[in-house]
Amino acid sequence: MKENEITDESQNIRSSIWHSSLDELKLRVENRYSQFGYSPETLDSKGNKSYIRHKILTSQYNFKGKRVLDIGCGFGELNQQLSKLTGKESYVYQGIDISDSIVNEAQKQFPDTNISFVHGEFLNYPFTENFDYGVLAGALNYPVKGDNYEYVFEVMKKALSLCKDGIAFDFLSDRVDYRYEHAFYYNPMKILEIAYGFSRRVLLRNDYFPFEFSVFVWNNDSFEKEDTTFIKYKDNI
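Now for a description of the structure that goes with this document. Numbers given to residues run from 1 along each chain, matching the order in which its sequence is written. Selection of residues for local features in this predicted model requires a pLDDT of at least 70, selection of side-chain atom pairs for listing and counting requires 80 or more, and totals for whole chains, interfaces and linings are taken over all residues. Think of the side-chain values as coming from all heavy atoms in the structure, minus any hydrogens and water.

### Here we look at the pattern of salt bridges
Here is step 1 of the chain: Counted as salt bridges are all cases of a side-chain nitrogen of Lys or Arg within 4 Å of a carboxyl oxygen of Asp or Glu. Applying the stated rule across the entire model yields 12 salt bridges.
Here is step 2 of the chain: Measuring nitrogen to oxygen at the nearest pair gives 3.8 Å for the salt bridge that ties R32 to E41.
Here is step 3 of the chain: Relative accessibility thresholds used throughout: buried, under 20% of the residue-type maximum; exposed, over 50%; partly exposed, between the two (1.4 Å probe, protein chains only). For R32, a relative accessible area of 16% corresponds to the buried category.
Here is step 4 of the chain: Judged by its relative accessible area of 30%, E41 falls in the partly exposed class.
Here is step 5 of the chain: Across the pair R205 and D207 runs a salt bridge whose closest N-O atoms are separated by 2.8 Å.
Here is step 6 of the chain: Residue class for D207 comes out exposed when judged on its relative accessible area of 53%.
Here is step 7 of the chain: Salt bridges linked by common partners bring R28, R32, E41 and D44 together as one network.

### Some points on the side chain of R32
Here is step 1 of the chain: Helix and strand definitions here come from DSSP, where helices need a minimum of 4 consecutive H or I residues and strands a minimum of 2 consecutive E residues; each element is numbered from the N-terminal end. Along the chain, the position of R32 falls in helix α1 (residues 8-36).
Here is step 2 of the chain: Residues are treated as being in contact if the distance between any of their heavy atoms lies within 4.5 Å. When neighbours within four sequence positions are excluded, R32 is seen to be in contact with G37, E41, T42 and D44.

### Some words on helix α2 (residues 49-57)
Here is step 1 of the chain: If you check which residues of α2 are buried, you get R53, H54, I56 and L57. Seen end-on, α2 carries its buried residues on one side only, within an arc spanning 160°.
Here is step 2 of the chain: Elements that come into contact with the buried residues of α2 comprise α3 (78-86), β4 (131-137), β5 (163-172), β6 (202-205) and β7 (212-218). For this quantity, the arc is that covered by the directions from the helix axis to the C-beta atoms.

### Things to note about the environment of Y180
Here is step 1 of the chain: Inspection of the secondary structure puts Y180 in the loop between β5 and α6 (188-196).
Here is step 2 of the chain: Taking C-alpha positions, Y180 is 10.0 Å from Y142, a pair spaced 38 residues apart along the chain.

### Re the pairing of strand β2 (residues 92-97)
Here is step 1 of the chain: The buried count for β2 comes to five of six residues, which makes it a mostly enclosed element.
Here is step 2 of the chain: When DSSP finds at least two bridges between two strands, those strands are taken to pair. Sheet topology note: the strand β1 (residues 67-71)/β2 ladder contains five bridges and is parallel. Each bridged residue has a counterpart across the sheet, and for L69 the counterpart in β2 is Q94.
Here is step 3 of the chain: Crossovers are marked right-handed if the path from the first strand over the helix to the second runs clockwise, as seen with the strands pointing away from the viewer. This β-α-β element, β1 to α3 to β2, shows right-handed connectivity.
Here is step 4 of the chain: At this point the chain moves from β2, through helix α4 (residues 100-109), to the parallel strand β3 (residues 115-119), and the crossover so formed is right-handed.

### Section: the pairing of β6
Here is step 1 of the chain: Pairing analysis gives four bridges linking β6 to β7, with the strands arranged antiparallel. Of the residues in β7, the one forming a bridge with R205 is S214.
Here is step 2 of the chain: Between β6 and β7, which pair antiparallel and follow one another directly, the connecting turn spans six residues.

### What about the layout of surface pockets?
A water-sized probe rolled over the atoms picks out the places where empty space is left.
Here is step 1 of the chain: Computed over the protein atoms alone on a 1 Å grid, cavities are sets of points where a 1.4 Å probe fits but cannot get out and pockets are open sets with protein on both sides within 12 Å along at least five of seven lines; a residue lines them when it has an atom within 4 Å of a point. Grid points are joined across faces, edges and corners, and a volume is the space filled by probe spheres set on the points. The computed volume of the second largest pocket comes to approximately 420 Å³.
Here is step 2 of the chain: The element best represented in the lining of the second largest pocket is helix α7 (residues 231-235), accounting for three residues.
Here is step 3 of the chain: Each residue is assigned to one of three groups, with Ala, Val, Leu, Ile, Met, Phe, Trp, Tyr, Cys and Pro labelled nonpolar, Asp, Glu, Lys and Arg labelled charged, and all others, Gly among them, labelled polar. Considered class by class, the residues forming the lining of the second largest pocket number six nonpolar, five polar and six charged.

### Describing the packing of α2 against α3
Here is step 1 of the chain: Where helices are involved, their axes are fitted lines through C-alpha atoms of the stretch in contact, as for all axes, and angles between N-to-C directions lie from 0 to 180°. Where α2 contacts α3, the two axes come as close as 9 Å, and the packing angle between them is 50°. With respect to α3, the axis of α2 lies oblique. In this structure, the crossing between α2 and α3 has a hand that is right-handed. Residues Y51, H54 and K55 of α2 touch α3, and the partners they reach there are L78, Q81 and K84.
Here is step 2 of the chain: Here the residues of the contact of α2 with α3 sort into two nonpolar, two polar and two charged. Orientation is classified from the angle alone, with under 35 degrees giving roughly parallel, over 145 giving roughly antiparallel, 65 to 115 giving roughly perpendicular, and any other angle giving oblique. Put simply, a crossing is left-handed when the front helix is turned counterclockwise from the back one by less than a right angle, and right-handed when it is turned clockwise.

Shape is all these values report; function is a separate question.
So this is what it looks like as structure tokens:
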């Protein structure tokens, strides 16, 4: 067993604790939706920050013809970037969110046949299909009861088991000049350590916002022994 792997018994305890944390988050989001409606304010975002996050999170992969899982999808606005990159309906998208109000709004905003949304908690949801890529933009930036890093580990683990090619996750950094009480700020080195537990091929970007970073993890980390270069990287040269 890996050093940071969680046993089944302790996982059941943690899942119960995390569930109560997500219930509190759901209530907060529902209240903000009642106040702000279809607005970035509902999801604690401002201006064009969501657009920039999505641009970064889609910067390393080719999504054309791919199946995409959006974890904590919010209003599903990742689709705006995916459509721009690949052309409308040239990808298949599924978003999952804990708020049924948010999911209902997302369905109104993006009714296309290649786009679907489900309501539920990611770790507990019984997915019946697999995907090529998983994207998570900001859904982990809230404190959970227990250990946030253990929660990140479990989310990454499940995401990589569902997504054949790789994942892209966005985090708030602990290298900040200010902190909000309702947010959780991550040490980038600790997130990298978790990511390296799953794959040799990992990338961290902290070149877009000073207080956020993104981590990309590829499932396929095979490489040529002759030149020690990742095979999938060479495919893109």
